[in-house]
Each structure stands twice: as structure tokens, then as C-alpha cells.
Amino acid sequence: MTVHQPPEQSAAGRHPSTGPTAGAAGAGPPGVPATPGAPPARESEREATAVGRLAGTVERLRLELDRAEAHAAGRAVVEMAVGVLVERLRCGPTEAARQLESLAERSGTSTLAFAADLVNQSAADEISALARGFVAGAAEPSADTPPAEPVSVRLRSTEADALAGDAAAAARSMLEHALRPLGAAAVAIWAAHPDLSLSLAGSAGFPAEEARRWRHVPPGVPTPARRALDERSAVGYPTLADASLPSIGQHEVRGGRLAVPAGTGGRLIGVLEVCWHDALPEQSQSLQRQFEALAQLAAATLETWGGQEPPGPEPDDRQFGELRQLVDGLLDPCLVLRLSPDDDHLPRFLIRHVNPAFVDFAGRPTGAIVGTRLLEAYPLAAEPGGLAEKVEHVFATGEPFRTHDMHLAALVDGVPLTTRAQVSISRHGTHLAVVWRLGDGTPRVARLLQHAQRLGRIGGFEENLGTRQIAWNETLFELHGLPPGASPIPLDQLAEHAHPDDRHTIGRFLRTLLHHRRPASTAFRLLRPDGVTRHIRVVAEPVPAPDSSPHIVRGAYQDISAQHWTEVALAATRDQLAQSEQQAAERSRLALQLQHAIMPPARGPLDLHDLHVAVRYRPAEKDHLVGGDWYDALTLPSGDVMLCVGDVSGHGIEAATGMVALRNALRGLAATGAGPAQLLSWLNSVTHHLTDNVTATAVCGLYEPGSGRLRWARAGHPPPVLLRGGRAGALPQLGGILLGAVDQADYEEGEFVLEAGDTLVMYTDGLIERRDESLQASLTNLTGLVEQAHRGAAAGVEGLQDQLDHLLRYSSADTDDDTCLVGVAVR
């Protein structure tokens, strides 16, 4: 079998605007100029305008589709990061998602960019390592190119699409995020089959018709993908035309081709084929690793790809196919029966097909009917004059049967269910068509009965006191722990299967039911044969005979074990809640005392060399929300002044103890003389390894009194605000992830010179955080408030304290979080 080659398009077909027929709308024959304003020209202009509007609409919808796909991929990356925080913080997904958004806002980045950064620093898989190599070799955008999405976000989006099992989305994501920067024009993901054929699992950059042509490649066709599988290594061709090999897009993308095998666990399952308009780029070692990484992503997609060709329909005889088409067009329920071939003596009919309108009056789904014998699905049809007898008569004689009123019966959990219906039976060769029209809502009632019994764990019974015949449904056998074929338990023997303490209760229930002949109910503990004790409620009523004696008793058992244990647990929970409230109040009191011992709400000013340092601390409005905000200002052995502010996530005693641990750890690390970036890197390792599921943000600065130089770094914390010459502005957003999220992290360091008269404000997010504003908007409001506080304050250290009081008083924050505020003025 040969592959159909796509026909070569003419030049006019490829470039309609440059073909020989190109010209103005409404142009006349060659050599005759068009008359301006002529009706044909106006008509052509109107058509061109309509086409333009249609093209604009199509382009807008395409852009919306691209945005939706990008959002879906980004959502997957965010979910990966939420999983990282769930494992690290030992919290639920909802709390982890809130923490992710909060941390991203503190870092001054988008949630998606922060999530990709967190996942990349936490991942240690082979794909992540190869992806980092791809980042190192990616080209930077030019100065006139708008800033692109971060590379980490693009790669994680590609991986998310690949792992989702959507090969088409993965191909589009690879082309858009990873291959277009390398000049590629199209990409195809091929799935390999044991018969040496190939299937196109996903593609991007090719026309839709071209992708449909190449959806399957038979064995023996020497395509680049086939060559890569045979050689078990990547194969490249400078141009596809020179290689003389057929492949997808051979007329549209005629440049270089690269086919990379995609495998997992040493097994090749497909090929990644990359296409260029121009010649194949030089294959450096860095590029080879990049394509290997993308091939592994393609393999991950093919592992869960569900696009294999479905098996063909089962062979069927022409007569049955025609009958099936006929009954599928009927509006009434219809069964197609066939004589079972393995029944040589008794005629037993198999239900081979039901039409879309079929409704089982016993409420069962069609999947439980098709493929079973008629008497297995409807055993009560074997009664004299019933449905089975009529079916056998029609099959034997060929005479059709019709009736306007026929009794149909079925069993619903062992309880007979009857209905009346119009029935028509006719023979068609070796098959029978049985059509019925139900006259009431029996199927709906049966379905509701089944669901009610299942959801309520209810089993029904009927006991004939005279003949000792007992009928149980299947649910009741299950409640009693008995097999379906066991003997039911009579009412007068019920006490023998109950807990000894409940036998008196059962005796009172039986006296009311049988002696006083009134409906009765009670609850007791059932001792099952398997040793399990269940809490059961039984309700029953007598059905009086004509002589007023209780001849039949009907009732139901319900398993109320879950309700009983819920009540027990609720009572225990009430006691635990009272104890927990007392413990929580004690923990909050201890946390508050610990926090005030380390950081009093108001502290006098400090003079450190040529710096005035003033501090303000505002606790949370609610006592149980004691937070982990902290600050420190001290002179180091080297003579430098360390200034820092931090915020431990969470509230309560854990946040307070974590705050003490980080504050003391940073003091000890600072004695080494390292810079602020290195100090935060060490503090991150301390937070990750030596604290119990703690994360935090911080800003650390080292001031040199002689030169006035201030070196600083931040770990996911809002940047300080510098007031100089009456104008305030936030310092740059230096890079640095929050403390404790990963075990190893690097931090960016910045520096500037503090001048006499400058004021530096360091703070925690409780000063600026608003639920309805972004971080940038909150920073803008803070700088304005700092300028306003400076204009109304006096000079000297008293003025610095007045400025801090002004900031706390007029802060626009609307959260209940605690706030730490440090002001540093240069004399």
C-alpha cells in the first residue's frame, strides 16, 4: 500500500494575491480599464468588506482559543505548585492555593511565574534537568521585542500540556513555547505501533487537511520518523526535498527535518519530528539535549494518549443490520431477540439489541439487559400465558402477536413489580422484535425504589404468619450478613440475633405488632454471623385478614449504624471542643507573651553610629491571630549595622516560636561577616531543615557607617521605601524566593549609599495588604503616605517616631494581620 501524496499546489493557489488574475475588485477584461463607480465594482467592494469582517471574526476567535489554551496550561502549572506547598506546609489544597497567591503578591510577580519558579526549584526529575539546559541555550529577545513570558513558565506549560495526555495541545505548546525561538515552523508527534505503522498523535503548524491525510502511515513507508525508529537515534536532513523522503507537510514546509525517537523505560513508543522552512540548523550538543528533552515530553504524552484507531465493528449479518436500523427508528421501547445457539432442547431467547427508546420497567440500565437471556432478565415472564410463551409461539409459527393489555412482571431486589402494557411481537428471519408501550410510570417508580433502598440502606420483608413463608429482598440479606440463598429470620426469632441488652426492647416491639395489632418500630443491635454488630431500626405493620387476624406482616429494616456512631462522635466532639478551646486560649496567651518578650509593641529609639532607629509593632486585632512578624537592628562585631524585618507564615504558638528561631539564627549567621544575600541563603536552609513546616519572608540589610553604603537582599518580602529630599520611592524588586520553600536557593543582592537626611522604612505586609488591591497599588499608596508623614513631622528622633505612628494610624490595610514597622534615619 502506498501513501497518497498531497498534490503540488499551483503558484496561483499558494499566492492568490500575486497570480495572473490578481487585480482590483470588479476589474474588466484585459486591456479594458474598470470604470470607477460601476455597479460591478461596488458589488465587489461590498463582498470584500464582508470577507474582511468574516476574517476579523475568525482571527478574534482564534486568539480567544489561544488564550484559553494558555490559561489551561498555566492552571496546570499552578496546581503543581499547590501540590508542592501541600507537601511542604502539611496543609489542605485550598489553604495552599491561598498561600501561593499571597506569596506571589509579596514577591511582586504573577501567580503563574511564582508557581513555575517554585516547581523548577523543587523538581529533580530528568525532564527538569534537561529543561534547565534548554533555558541556558535559549536566545534572549532583542531590545525592540516586547518582553516574553518567563522561560520557566513556558517550559512548565509545555510539560503540563504533555502530561495531560492531549497530544494535539502538547504539539501546539511545544511549537509555540520551545521551537519557534529556534526557527522551527511545524512539529509532529508520531505514535509507533507493533505492526511498524505510525499514527499522527498530534501536530502543529500544518494545514488541517494535511494532518488528516497523514493520520496513518502504513508499514514499509520510508519516512524520517520511520528512519529514526529503525536507527534508534535522531536523524536529520538539511532539506526534505534533498532527502527524497515522503512526510507530512512535504509541500508546505520543505526545509530541514529532524526526527528524534521518543521512548520511556528503554522502549520506543513514538517520534518527535521538527520542521523548518529553511535549512536544518547546526546540531550542537546543547541543541541535541534540547530536542531530547522535548522528545521525552512527547513520550510522556504518548504514554496516556487515547487516540488509537478504534476496533472495527463486529461482523454482523445483513438481516440483523436491517432490523436494527428499523427498530432504532421506533418511538416505543423494543427488544430484538435471537434463539440462543447453545440451547438444543428448550427454546431460550437471547436479548441481542434494544433500541434507543427502550425503557426497562424494572428500572435497570440497558447495559444490564443486552446480552442476557429473556428469562434471566424477566424470570416472571415464564408464567402461563406470559411473555415467554407468546415469544415461543411467534417464533414457531411466524404469526405476529399483538395485544392492548398484557401483564408484565419483574423482580426488583426480590420484590415483584408488575405493570400493564401494549405488546407487539413479530418474527424477522432468525430474530424477533418485541415492542411494548407502558401505560404508567412503573419504570420511574422502580428506579426510584432501587435508589432509595440503596441510599437509605433499607431492606424490605413480608412474612406470612400462617404458612411461615418469608420474602426478603437482596438488601436485607446483606444487612443481616447472610448469603442470598440463606433462610430468612422469622420475627419471633429476631431476639436470638440481637444483643442481650436489647431483647426486652424487641419483645415490646413484637407485642405491639402481633398482640395489639398496631404498627410498631424499634432500634436494636444486630449480632451478625460474621461477628459484626450493626445498629438496626425495624418498622412493621400487620395486614389484617378478613377475620381481623394478623395474617401477613410487612416491614423494613434500616441500617442506622452510621447515624448512631455520628451521634456518639458528636458527643465526644463536644467534650473535645470545650477542651480544645481552653487549650487554644492558653496557647494564644503563651504566644502573645513570647512575642512581647522578644518584640514589645513600643520600643524606645536606638542610636547605632550615625543612624536613628525607631520601631513600632501592632499586634493582630484578634488574640488568636498572634503572628510571626519580627525585626532586628544591632551592631555586628565587624562594625556594620544589621537591619532586618521578617514575617513567618501562619499564626499562633508555631509562628511565634518560628519567629524566635529565625531571628536568633540570623543573628548568629551575621557574625560570620557574610553579605545579606549569603545570609538569606543560609537562613533558607535553616528554615527548610531545622524548623517544622515553616516558611517566611524577610528583608536583610548591612550598613557600613563610614561609607554610608547599604547592601540588601530580600526573600519574597515587600521592598523597603526610601525617603530622600521629601520624595519617597520603593527600592527595586530584587529576585529571591521565600524562606523554607526549597532546600537550596540563591538571592539577588543590591546596594546603594544612604545620605544624611535620608529615611528608610522597612515593614511587613500587614501595613499595606488589601484584599482588593495589587501589591504595586499598595506600594504606591505607601510611598504617598510616607511623604505625607514626613511633611507633618518634626526633625530628629522624635520626628521619626511621629512618622511611624502616622503610618500605622493612616494605613489603608484591611486585613487582621499583625504589623512590624522599622524606621531608619541618617543623621
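Quick caveat, the model's predicted, so the values are computed rather than measured.

### Here's the deal with the overall build of the protein
And step 1. Looking only at helices and strands, the protein has 22 helices and 27 strands in total.
And step 2. Taken across its 827 residues, the protein has 45% of its residues classed as buried.
And step 3. In the protein, once contacts between residues fewer than 6 apart in sequence are set aside, the share between residues at least 24 apart is 60%.
And step 4. About 41,500 Å² of surface is accessible on the protein, with carbon and sulfur atoms providing 54% of the total.

### Examining helix α9 (residues 224-231)
And step 1. Considered for burial, the residues of α9 that qualify are P224, A225, R226, A228 and L229.
And step 2. Of the residues flanking the end of α9, it is R232, one or two places downstream, whose phi is positive at about 55°.

### With respect to the sheet that holds strand β19 (residues 628-635)
Paired through backbone hydrogen bonds, the strands of a sheet run either parallel or antiparallel to each other.
And step 1. The five strands lie next to each other as β19-β20-β21-β22-β25, forming an open sheet whose pairing is antiparallel. Either end of the sheet is taken by a strand with one partner, and the two such strands are β19 and β25 (749-753). Taken pair by pair, the neighbouring strands of this sheet meet at an average axis angle of 15°, ignoring direction.
And step 2. Across five bridges, strand β22 (residues 709-715) lies against β25 in antiparallel orientation.

### Things to note about unusual backbone geometry
And step 1. Phi is positive for R232, close to 55°, though the residue is something other than glycine.
And step 2. In this structure, R232 sits in the loop between α9 and β4 (235-237).
And step 3. Overall, R232 belongs to the exposed group, its relative accessible area being 55%.
And step 4. One non-glycine residue, R468, lies in positive phi territory at about 65°.
And step 5. Position of R468 relative to the elements: it lies in the loop between β12 (458-464) and β13 (470-472).

### Remarks on the packing of helix α7 (residues 167-179) against helix α11 (residues 285-303)
And step 1. Direction vectors running N to C along α7 and α11 enclose 165°, while the axes themselves pass 10 Å from each other. The angle between α7 and α11 falls in the class roughly antiparallel. Crossing handedness for the pair α7 and α11: right-handed. Where α7 abuts α11, its residues A167, A170, M174, A178 and L179 lie against F291, L294, L297, A298 and T301.
And step 2. By residue class, the composition of the contact of α7 with α11 is nine nonpolar, one polar and no charged.

### What to know about the confidence of the model for the protein
And step 1. Residues with a pLDDT of 70 or more make up 76% of the protein, whose mean pLDDT is 78.
And step 2. Low pLDDT, under 50, characterises residues 1-41; the predicted model gives this stretch 30 contacts beyond four residues in sequence or across chains.
And step 3. The low-confidence segment residues 130-148, where pLDDT is below 50, has 14 contacts with residues more than four positions distant or belonging to other chains.

### Here we look at the nonpolar core
And step 1. Core analysis: the biggest nonpolar cluster contains 48 residues, and L100 and M642 have the highest contact counts within it.
And step 2. Ranked by the residues each element gives to this core, the list is headed by helix α19 (residues 653-670), at seven residues.
And step 3. Core analysis: the second largest hydrophobic core is formed by 30 residues, L179, I189, L258 and F291 among them.

### Points about the pattern of salt bridges
Should the charged atoms of two oppositely charged side chains come close, the side chains can pair.
And step 1. Per the stated rule, a full pass over the model turns up 22 salt bridges.
And step 2. Note that R257 is salt-bridged to E273, the shortest N-O span being 2.7 Å. Highlighted residues: R257 in strand β5 (residues 257-264) and E273 in strand β6 (residues 267-276), separated in sequence by 16 residues.
And step 3. Taking relative accessible area as the criterion, E273 reaches 0% and is therefore assigned buried.
And step 4. As a salt-bridge pair, R667 and D632 come within 2.5 Å of each other at their nearest N and O atoms. Of this pair, R667 sits in helix α19 while D632 sits in strand β19; the two residues are 35 residues apart in sequence, bridging distant segments of the chain.
And step 5. R667 gets classed as partly exposed once you look at its relative accessible area, which sits at 34%.
And step 6. Each of D632, R663 and R667 takes part in one network of salt bridges that share partners.

### Quick look at the state of the cysteines
And step 1. Applying the stated criterion to the full structure yields zero disulfides.
And step 2. No disulfide involves C644; its sulfur sits 5.7 Å from the nearest other cysteine sulfur, which is in C700.
And step 3. Classification of C644 by relative accessible area gives buried; the value is 2%.

### Quick word on the packing of aromatic side chains
And step 1. In this structure the tally under the stated criterion is six aromatic pairs.
And step 2. Where F358 meets W436, the ring centres are 5.8 Å apart and the plane angle is 40°; that geometry is what we call tilted. Here F358, found in the loop between β8 (349-354) and α13 (374-377), pairs with W436, found in strand β11 (residues 431-438); they are 78 residues apart in sequence, far enough to count as distant.
And step 3. A relative accessible area of 6% means that F358 is categorised as buried.
And step 4. Here the aromatic cluster, defined as three or more aromatic residues joined through ring pairs, consists of F358, Y378 and W436.
And step 5. Here R352 stacks its cationic end above the ring of F320, 3.8 Å away from the centre of that ring.
And step 6. For R427, the ring lying beneath its charged end belongs to F395, and the centroid distance is 4.3 Å.

### Things to note about helix α17 (residues 503-515)
And step 1. Taking 1.5 Å per residue as the helical rise, α17 with its 13 residues ought to reach 18 Å, and the 17 Å between its terminal C-alpha atoms agrees with that figure.
And step 2. T505, I506, F509, L510, T512 and L513 are the residues of α17 that are buried. Across the axial projection of α17, the buried residues extend over an arc of 160°, all falling on one side. α17 presents H504 and H515 as exposed residues on the side facing more than 90 degrees away from its buried surface.
And step 3. Positive backbone phi, approximately 60°, marks R517, located one or two places after α17.

Quick notes on the rules
- Each chain has its residues counted from 1, running along the sequence as written.
- The model is predicted, so local features are restricted to residues of pLDDT at least 70 and side-chain atom pairs to those at 80 or more, both for listing and for counting; the totals for chains, interfaces and linings are taken over all residues.
- The basis for every side-chain value is the complete set of non-hydrogen atoms in the structure, without hydrogens or water.
- Numbering of helices and strands runs from the N terminus; a helix is a DSSP stretch of H or I covering at least four residues, while a strand is a stretch of E covering at least two.
- Each residue is placed in one exposure class: buried if its accessible area under a 1.4 Å probe, protein chains only, is under 20% of its type's maximum, exposed if it is over 50%, and partly exposed if it falls in between.
- Throughout, a residue-residue contact means that at least one pair of heavy atoms, one from each residue, lies within 4.5 Å.
- Areas reported here follow the Shrake-Rupley algorithm with a probe of radius 1.4 Å; residue values treat only the protein chains shown as occluding.
- Here, strands pair whenever DSSP counts at least two bridges between them.
- Note on method: axes are straight lines fitted to C-alpha atoms, helices fitted across the in-contact stretch only, with angles between N-to-C directions ranging 0 to 180 degrees.
- Note that the term roughly parallel is reserved for angles under 35 degrees, roughly antiparallel for angles over 145, roughly perpendicular for angles of 65 to 115, and oblique for everything else.
- Crossing handedness follows the turn of the near helix against the far one: under a right angle anticlockwise gives a left-handed crossing, and clockwise gives a right-handed one.
- Only Asp, Glu, Lys and Arg are considered charged, only Ala, Val, Leu, Ile, Met, Phe, Trp, Tyr, Cys and Pro nonpolar, and every remaining residue, Gly among them, polar.
- For every residue, the predictor states its confidence as a pLDDT score lying anywhere from 0 to 100.
- Take the buried residues of types Ala, Val, Leu, Ile, Met, Phe, Trp, Tyr and Cys, join any two whose side-chain atoms come within 4.5 Å, and each joined set is a nonpolar core.
- We count a salt bridge whenever a side-chain nitrogen from Lys or Arg sits within 4 Å of a carboxyl oxygen from Asp or Glu.
- Note on disulfides: each one is a pair of cysteine sulfur atoms within 2.5 Å.
- Each Phe, Tyr or Trp ring, with Trp reduced to its six-membered ring, pairs with another whose centre is within 6.5 Å; inter-plane angles below 30 degrees give stacked pairs, above 60 give edge-to-face pairs, and intermediate values give tilted ones.
- By definition, being over a ring means that NZ of Lys or CZ of Arg is both within 6 Å of the ring centre and within 35 degrees of the ring normal.
- Expected span of a helix: the number of residues minus one, times 1.5 Å.
- Think of it as the arc spanned by the lines of direction from the helix axis to the C-beta atoms.

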